[in-house]
Amino acid sequence: MAAALLPGTAGSLLQFLRLVGQLKRVPRTGWVYRNVAKPESVSDHMYRMAVMALVTEDKKLNKDRCVRLALVHDVAECIVGDIAPADNISKEEKHQREEAAMKHLTQLLPEEQRKEIYELWEEYEQQSTAEARFVKELDQCEMILQAFEYEELENTPGRLQDFYDSTAGKFSHPEVVQLVSSIHTERNKLAATTSEPHS
């Protein structure tokens, strides 16, 4: 049996990074269930969310914190996988699994980083700050942007409508509302172009 690694050592950091690296190979379940070819990974999703947070113009938000929340919010999925609503796992059960995964993951880090990453995850889960609520909107906005891109790539406008339906009425931050409106405009253009009769 392997000896327990001491938190803060190069060995434990390597183990943490290898676990987080699994996110590159965890496909987003919603796309898998909808038979999307080459579905994005969880880390693909988190990366674009972090960029979305980085380019926000909202001076009232702590941008650095938003980027950190985006980078951490789904990190437990490297252990538990991407649990989707269709998996019929209760919110409580999902939270418990992810909480245990976060405790396991962060135990590999020195105390300061352990505390920071765990608290960021908790902040997002509890939606306890303006930053956490903004990043939650980015999470859902990024999902429908990705849905639009898959429809565009497959030339199947409207195929992923249920992802749009699941986010209807959930956006309130002005920047996100504008972005969502632009996505809908582009999506409607795609639908109109695809439905035009070809001569």
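From a predicted model like this one, the values you see are computed outputs, not experimental measurements. (Residues numbered from 1 in each chain as written. Predicted model: local features only at pLDDT ≥ 70, side-chain atom pairs only at ≥ 80, totals over all residues. Heavy atoms only, no water.)

Under the 1.5 Å per step criterion, the end-to-end length of helix H8 (residues 130–154) is 36 Å for 25 residues, consistent within 8% with the ideal 36 Å. Asn 155, located one to two residues past H8, shows a positive phi value of around 55°. (Helix = DSSP H or I, 4+ residues; strand = E, 2+ residues; numbered from the N terminus. Expected span 1.5 Å × (residues − 1).)

Among the structural elements, Ser 41 can be located in the loop between helix H2 (29–33) and helix H3 (42–54). For Ser 41, the side chain forms a polar contact with the side chain of Ser 43, separated by 3.1 Å. Dropping the residues within four chain positions of it, Ser 41 is found in contact with Leu 23, Lys 24, Val 26, Pro 27 and Arg 28. (Polar contact = N/O pair within 3.5 Å; in protein donor to acceptor, adjacent residues only side chain to side chain. Contact = heavy atoms within 4.5 Å.)

Attention now goes to the UniProt feature "domain: HD" (unreviewed entry) in the chain. Per the UniProt entry, the sites bearing "domain: HD" (unreviewed entry) are residues 42–144 in this numbering. Within residues 42–144, the helical portion is 72% and the strand portion 0%, while the C-alpha atoms at the span's ends are 15 Å from each other. (UniProt positions renumbered as here; feature names shortened; annotations may be inferred.)

This next bit is on the nonpolar core. Ranked by size, the top nonpolar core spans 50 residues in total, and within it Trp 31, Met 102 and Val 135 carry the most contacts. Listing elements by their share of this core, those giving two or more residues are helix H1 (10–21), H3, helix H4 (63–72), helix H6 (91–106), helix H7 (111–126), H8, helix H9 (161–165) and helix H10 (174–195). At 11 residues, H8 tops the list of elements feeding residues into this core. In contact with Val 135, other than residues within four places in its own chain, are Met 49, Cys 66, Leu 69, Ala 70 and Tyr 124. (Core = buried A, V, L, I, M, F, W, Y, C linked by side-chain atoms within 4.5 Å. Buried < 20%, exposed > 50% of the residue type's maximum accessible area, 1.4 Å probe, protein only.)

Another aspect to go through is H6. For H6, built from 16 residues, the straight-helix expectation of 22 Å at 1.5 Å per residue is met to within 8% by its first-to-last C-alpha distance of 22 Å. Turning to H6, its buried residues number three or more, namely Glu 98, Ala 101, Met 102, Leu 105 and Thr 106. The arc that holds every buried residue of H6, seen down its axis, measures 120°, which confines them to one face. Those residues of H6 that are buried are in contact with H1, H4, helix H5 (77–80) and H7. (Arc of directions from axis to C-beta.)

At their nearest, the axes of H3 and H4 sit 8 Å apart, and the two run at 170° to each other. Viewed along their axes, H3 and H4 adopt a mutual orientation that is roughly antiparallel. Together, Met 46, Met 49, Ala 50, Ala 53 and Leu 54 of H3 and Lys 63, Cys 66, Val 67, Ala 70 and Leu 71 of H4 make up the contact between the two elements. Partitioning the contact of H3 with H4 into residue classes produces 9 nonpolar, no polar and 1 charged. (Axes fitted to C-alpha atoms, helices over the stretch in contact; angles between N-to-C directions. Parallel < 35°, antiparallel > 145°, perpendicular 65-115°, else oblique. Nonpolar A, V, L, I, M, F, W, Y, C, P; charged D, E, K, R; others polar.)

Before going further, it helps to spend a moment on unusual backbone geometry. Positive phi values are uncommon outside glycine, yet Asn 35 reaches one of about 55°. If you trace the backbone, Asn 35 turns up in the loop between H2 and H3. On the accessibility criterion, Asn 35 (67% relative accessible area) is exposed. Although it is not a glycine, Lys 38 sits at a positive phi angle of roughly 50°. With respect to the helices and strands, Lys 38 occurs in the loop between H2 and H3.

Once that is clear, we can look at the packing of aromatic side chains. A full pass over the atoms with the stated rule returns 3 aromatic pairs. The interplanar angle of 35° and the centroid separation of 4.5 Å between the aromatic rings of Trp 31 and Phe 163 together place this pair among those described as tilted. You can see Trp 31 sitting in helix H2 and its partner Phe 163 sitting in helix H9, a full 132 residues away along the chain. Here Trp 31 matches Phe 163 in class, with each residue buried. When the ring of Tyr 118 is compared with that of Trp 121, the centres are 5.7 Å apart and the planes differ by 50°; the resulting orientation is tilted. (Phe/Tyr/Trp six-rings, centres within 6.5 Å; stacked < 30°, edge-to-face > 60°.)

One pass over the structure, following the stated rule, counts 13 salt bridges. With a closest N to O distance of 2.8 Å, Arg 159 and Glu 154 form a salt bridge. In this structure Arg 159 comes out as partly exposed when scored by relative accessible area, which is 26%. Residue classification places Glu 154 among the partly exposed residues on the basis of a relative accessible area of 28%. One network of salt bridges, with partners in common, ties together Arg 48, Glu 142 and Glu 149. (Salt bridge = Lys/Arg side-chain N within 4 Å of Asp/Glu carboxyl O.)

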